[in-house]
Every structure is written in C-alpha cells, then in structure tokens.
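# Structure at a glance
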Amino acid sequence: MNAGATTLRRIGWIGAGRMGCAMAERLAQGGADVTVWNRTRAKAEALTKSGARVADRLTELADCDIVFCMVSTWDDVREVVAGPSGLLSGSGNVPRIVVECSSISLESSSELRTLLAGRGVELLAAPVSGNAKAIKAGRLSFVCSGPKAAFDAALPYLGMIAPAAIYVGEGELARIVKICHNVFLGVVTQSLAEITVLAQKAGVPRHAFLEFMNQSVMGSTFSRYKTPAFVNLDFKVTFTPQLLRKDLDLGLDAGRRYEVPMPLASITRDIVQTLIGNGMDDEDFAKLLVLQAQAAGLELEPEDVPVGDGLG
Ligand SMILES: NC(=O)c1ccc[n+]([C@@H]2O[C@H](COP(=O)([O-])OP(=O)(O)OC[C@H]3O[C@@H](n4cnc5c(N)ncnc54)[C@H](OP(=O)(O)O)[C@@H]3O)[C@@H](O)[C@H]2O)c1
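Residues numbered from 1 in each chain as written. Predicted model: local features only at pLDDT ≥ 70, side-chain atom pairs only at ≥ 80, totals over all residues. Heavy atoms only, no water.

### A word on the overall build of the protein chain
Note the following rule: Helical segments are the DSSP runs of H or I of at least four residues, strand segments are the runs of E of at least two, and each set is numbered from the N terminus. Note that the radius of gyration is over C-alpha atoms, with the globule rule given as 2.2 Å times the number of residues to the power 0.38. Classification of residues uses two cut-offs on accessible area relative to the type maximum, computed with a 1.4 Å probe and protein chains only: under 20% is buried, over 50% is exposed, and between them is partly exposed. Any two residues whose heavy atoms approach within 4.5 Å at even a single point are treated as in contact. Surface accessibility in these figures is a Shrake-Rupley result with a 1.4 Å probe; residues are shielded only by whichever protein chains are displayed. When charges are counted, Lys and Arg are positive and Asp and Glu negative, with His and the chain ends excluded. In plain terms, the charge of a residue is placed at NZ if it is Lys, CZ if Arg, CG if Asp and CD if Glu.
When helices and strands are tallied, the protein chain shows 13 helices and 9 strands. In terms of overall size, the protein chain behaves like a compact globule, its C-alpha atoms giving a radius of gyration of 20 Å where 312 residues would be expected to give roughly 20 Å. Evaluated residue by residue, the protein chain yields a buried proportion of 51% over its 312 residues. A sequence separation of at least 24 residues applies to 68% of the contacts in the protein chain between residues at least 6 apart. Entry remark: accessible area of the protein chain is about 13,900 Å², with carbon and sulfur atoms responsible for 55%. Side chains of the protein chain give 31 positive and 34 negative charges; the mean places of these two sets differ by 4 Å.

### Observations regarding empty space enclosed by the protein
Any empty space left between atoms is shown by rolling a water-sized probe over those atoms. For the record, the criterion: Residues are called lining when one of their atoms sits within 4 Å of a cavity or pocket point, these points coming from a 1 Å grid over the protein atoms alone, where a cavity is a set in which a 1.4 Å probe fits but cannot get out and a pocket is an open set with protein on both sides within 12 Å along at least five of seven lines. Grid points are joined across faces, edges and corners, and a volume is the space filled by probe spheres set on the points. As a working rule, the residues Ala, Val, Leu, Ile, Met, Phe, Trp, Tyr, Cys and Pro are called nonpolar, Asp, Glu, Lys and Arg charged, and the rest polar, with Gly in that last group.
In total, this model carries 1 cavity of 30 Å³ or more according to the counting rule given. Every residue along the wall of the largest cavity is listed here: Ser103, Ile104, Arg175, Lys178, Ile179, Asn182, Asp247 and Leu250. Among the secondary structure elements, those contributing two or more residues to the lining of the largest cavity are helix 8 (173-201) and helix 11 (241-258). Here the lining of the largest cavity is composed, by residue class, of 3 nonpolar, 2 polar and 3 charged.

### Things to note about the nonpolar core
Defined as follows: Put simply, buried Ala, Val, Leu, Ile, Met, Phe, Trp, Tyr and Cys residues joined by side-chain atoms within 4.5 Å make one nonpolar core.
In terms of nonpolar packing, the biggest core is built from 40 residues, with Phe230, Leu244, Leu289 and Leu300 touching the most fellow members. Among the elements that take part in this core, helix 8 stands out by supplying 8 residues, more than any other. Discounting residues that sit within four places of it in the chain, phenylalanine 230 has contacts with Thr189, Leu192, Ala193, Thr196, Arg206, Leu210, Ala286 and Leu289. Grouped together as the second largest cluster of nonpolar side chains are 39 residues, Ile11, Val36, Ala126 and Tyr157 included.

### Quick word on the environment of glutamine 273
We count it as follows: Distance and chemistry together define a polar contact, namely a pair of N or O atoms within 3.5 Å, with one atom able to donate a hydrogen and the other to accept it when in protein, and with adjacent residues in sequence counting only for side-chain atoms on both sides.
Positionally, glutamine 273 belongs in helix 12 (residues 263-277). The class of glutamine 273 is partly exposed, set by a relative accessible area of 27%. Separated by 32 residues in sequence, glutamine 273 and proline 241 place their C-alpha atoms 8.2 Å apart. For glutamine 273, the side chain forms a polar contact with the side chain of arginine 245, separated by 3.0 Å.

### Remarks on the site of the ligand
What counts is decided by this rule: The cutoff for a nearby residue is simple: one of its non-hydrogen atoms must lie within 4 Å of the molecule or strand.
By nearness alone, 26 residues border the ligand, and Asn38, Thr40, Lys43, Ser72 and Thr238 come closest of all. At 2.9 Å from an oxygen atom of the ligand is found a side-chain nitrogen or oxygen belonging to arginine 39. The backbone of valine 71 places a nitrogen or oxygen atom 3.4 Å from an oxygen atom of the ligand. Expressed as a share of its isolated accessible area of 910 Å², the protein-covered part of the ligand is 89%. Listed by contribution, the elements that provide at least two residues to the shell around the ligand are helix 2 (18-29), helix 4 (74-82) and helix 11.

### Re the pattern of salt bridges
Applied cut-off: The salt bridge criterion pairs a side-chain nitrogen of Lys or Arg with a carboxyl oxygen of Asp or Glu, the two atoms within 4 Å.
All told, the structure shown has 20 salt bridges when counted by the stated rule. Between aspartate 75 and arginine 78 there is a salt bridge, with its nearest N and O atoms 2.9 Å apart. Placement of the pair is aspartate 75 and arginine 78 together in helix 4, with a separation of 3 residues, close to one helical turn. Judged by relative accessible area, which is 32%, arginine 78 ranks as partly exposed. Aspartate 270 serves as the salt-bridge partner of arginine 269, at 3.7 Å between the closest nitrogen and oxygen.

### Regarding the layout of surface pockets
Empty space within the second largest pocket amounts to approximately 410 Å³. If you trace the second largest pocket, you find 16 residues lining it, with Asn131, Lys133, Lys236, Val237 and Thr238 closest to the centre. Among the elements of the structure, helix 6 (132-136) and helix 10 (221-232) are those that each provide at least two residues to the lining of the second largest pocket. Here the lining of the second largest pocket takes 4 residues from helix 10, the largest share from any one element. The residue inventory of the lining of the second largest pocket, partitioned by class, reads 6 nonpolar, 2 polar and 8 charged.

### As for the side chain of serine 109
Position of serine 109 among the secondary structure elements: in helix 5 (residues 106-117). Look at serine 109 and you get buried, because its relative accessible area is 0%. Excluding residues within four positions of it along the chain, serine 109 makes contact with Ile104, Leu123, Ala125, Glu172 and Arg175.

### Notes on helix 5
Selection criterion: Here the expected length of a helix is defined as 1.5 Å per residue gap, with one fewer gap than residues. Here, the arc refers to the directions that run from the helix axis to the C-beta atoms.
Compared with an ideal rise of 1.5 Å per residue, which puts 12 residues at 16 Å, helix 5 spans 16 Å between its outermost C-alpha atoms and is within 8% of the ideal. Here helix 5 has its buried residues at Leu106, Ser108, Ser109, Leu112, Arg113 and Leu116. One side of helix 5 carries all its buried residues, which in axial view fall inside an arc of 160 degrees. Tucked inside the fold, the buried residues of helix 5 contact helix 4, strand 5 (97-100), strand 6 (122-125), strand 8 (141-145), helix 8 and helix 11.

### Quick look at the packing of helix 8 against helix 9 (residues 206-215)
As a reminder, the rule being used: All axes are obtained by fitting lines to C-alpha atoms, using only the stretch in contact for helices, and the reported angles, taken between N-to-C directions, cover 0 to 180 degrees. These descriptions rest on fixed angle ranges, namely under 35 degrees for roughly parallel, over 145 for roughly antiparallel, 65 to 115 for roughly perpendicular, and the rest for oblique. Here is the rule for handedness: rotate from the far helix to the near one, and if that takes an anticlockwise turn smaller than a right angle the crossing is left-handed, while a clockwise turn gives right-handed.
Running from N to C, helix 8 and helix 9 cross one another at 130 degrees; their axes reach a closest spacing of 9 Å. If you check the angle between helix 8 and helix 9, you find them oblique. As for the relative orientation of helix 8 and helix 9, their crossing is right-handed in sense. Each of Leu192, Ile195, Thr196, Ala199 and Gln200 in helix 8 lies in contact with helix 9, whose residues at this interface are Arg206, Phe209, Leu210 and Met213. Here the residues of the contact of helix 8 with helix 9 sort into 6 nonpolar, 2 polar and 1 charged.

Here it is, written out as structure tokens:
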C-alpha cells in the first residue's frame, strides 16, 4: 500500500499508558488518522498535539478500519473489547481488524480471537519488544500472528510505529514468542544485577564494569539501555515489577502446558515477587539491582557518571 492510501484508513487506539501513548504518538506523527480512547482521558489528550483525536467512548472507535489495543492484562483487554461499554458493545459497525499489542497468554488471545470472530472482526496478535524510550528512538519491534491478510493490511501502520514487524504465522504464535522474550528479560536483568553487585563488591565501579560488558560480546541493546539506571540509580518506571511478574507467570504457565522445565524463570519469578513484597514495586523493575545489593550487604549510591543508553 502506498503512503497516500495509508492516510485514508481510520485508525482507533485503545490505551494511552506508557507504551500506548508513545506508540500512538508515532502513528499520529506519521500522518495516520488516529482516534484515541484511554480510561484516564487526560493521558489521551496529551496526544492531540501530535494530531490525534480523543474519543469519549470506546464505541466511537467501532467504525474505524483498524483498532489497536495496548492495555495491561487479559482482564483489561476483555473489558475494553467485550465489556459492557467496550468496543463491541454497540449494535452498529465493527472494525475490520483489531491489532492487540498487550502481553497476554496464548489462551486469552485465542478467547479474544473467538470473541472478535463472532462479530466478524479479524485479530492480529502483535505484542512488542522495547520500552517507551525505545519507541521514541525508533527501536521497537512487533511480533505478529493471525491471518496474513490482516498483517499485510496493518503493516503500513506497524511500520510507522516500529522498524521491525515480524510475522511468525497463524493463530496465537506471536504470544509465545513475546512470553519467551519477557522470561529472558527477567532472567537477564536478575543476572545482570547479580554480576554487577559482585563486581562492585570486589571493587569495580558499576560504570566501568557495565562499559566493559556493553562493549563485550555479551553487551546488548538491553544491557546498554539499562546502564543509566544501574549506574546512577534512576528508577523512573519504564516497566513495572507487577507487569514483569505477570509475564514470568505467563512463561511458567506455558512451561507447564508444554511440559518444559523453566528453573531460571521460576526462581526469577520469586525474586520479582520478593521485590514486590518488600514494597520496592513503585519504581522500575531494574530495582532488582537494589534488592540484590541488599542481599549482599551492599549499600548502593548513585555514581553520578554520565553514561549513554545506546538509544541515541
Ligand atoms: N513498559 C514496557 O517496557 C513494556 C514493554 C513491552 C510490552 N509491555 C506490555 O504492554 C502493556 C502495557 O504496558 P505499559 O507499561 O504501557 O502499562 P501502563 O503504563 O500501566 O498502561 C496501562 C494502560 O492500560 C490501561 N488500562 C489498564 N486496565 C484497564 C481497564 N481495565 N480498562 C481500561 N483501560 C485499562 C491504562 O489506563 P489508565 O491510563 O486509565 O490507567 C493504561 O492506558 C502490558 O501488557 C505490558 O506487559 C510493556
């Protein structure tokens, strides 16, 4: 589809939280015709300066061609799509396609597909990798599954939000890819916290240790973008411990369903639970570093060293 045709489609957007707001902003800035609904209206209003419109009711999005959804959990997805005042609650039009981006289970996604199919709506499962800062830096990626035609129709809009949209097949396959990804996120973050505390206790400043790691073969986009938090203890939320626990639980549930032992995921889930239980859940999940330091009898101080996040 060419850019001119792209702007002809009406896009609805449900959920203007940390992720949804940054994603919808890119879509609106890219010239798409976007109408946003958010439970807390003020967050959606912030998007009007990028050219988006704000809807008062979810049913106002029902005559859009494509509706994106980015909320928290499956209960929330079900509420906004099929709840008493949800997207499908009117008796008139329905969108052709729903692109559902929240991190939810395979079973939930399948239930959503059935609910939508009952009204003739196609579902593209399209969870993402990257936080709001990665979105702004143009580094988000989608993993998608569902009807290939729905993927092709949504692709121009996915492309405005993220440079990568990988189609992995029919049905709910994208969900298991995302679940695996976030299990890895949790395990890697805990491991990075352990080795950073170990290096510091042995006398290495965190910024020097992480600079080496980032430039080594083990360095990654992720280790680079968590470095400012680890060095200067800036724990402004990018992703909450509760949402990470949800994803580790989804991973463990999938492990049970497919009979795959997940020992590292299991212990990491309980460490994240300990973080939450200790009241350290009001900030970013990178606070796993602080929990680890406490367990090692180390009091952390910000190093106040300017370090990049690799996102430009
Ligand atoms: N943050 C990340 O780095 C990241 C990365 C990849 C994927 N994810 C996934 O993306 C999803 C969103 O994460 P986030 O960090 O953007 O979360 P967030 O900042 O907490 O935003 C959650 C959004 O969902 C809405 N919401 C929640 N429950 C709702 C309900 N019952 N009815 C209507 N709206 C509801 C919230 O509305 P209000 O504004 O009214 O509260 C808000 O717009 C989650 O599934 C998460 O696992 C997050």
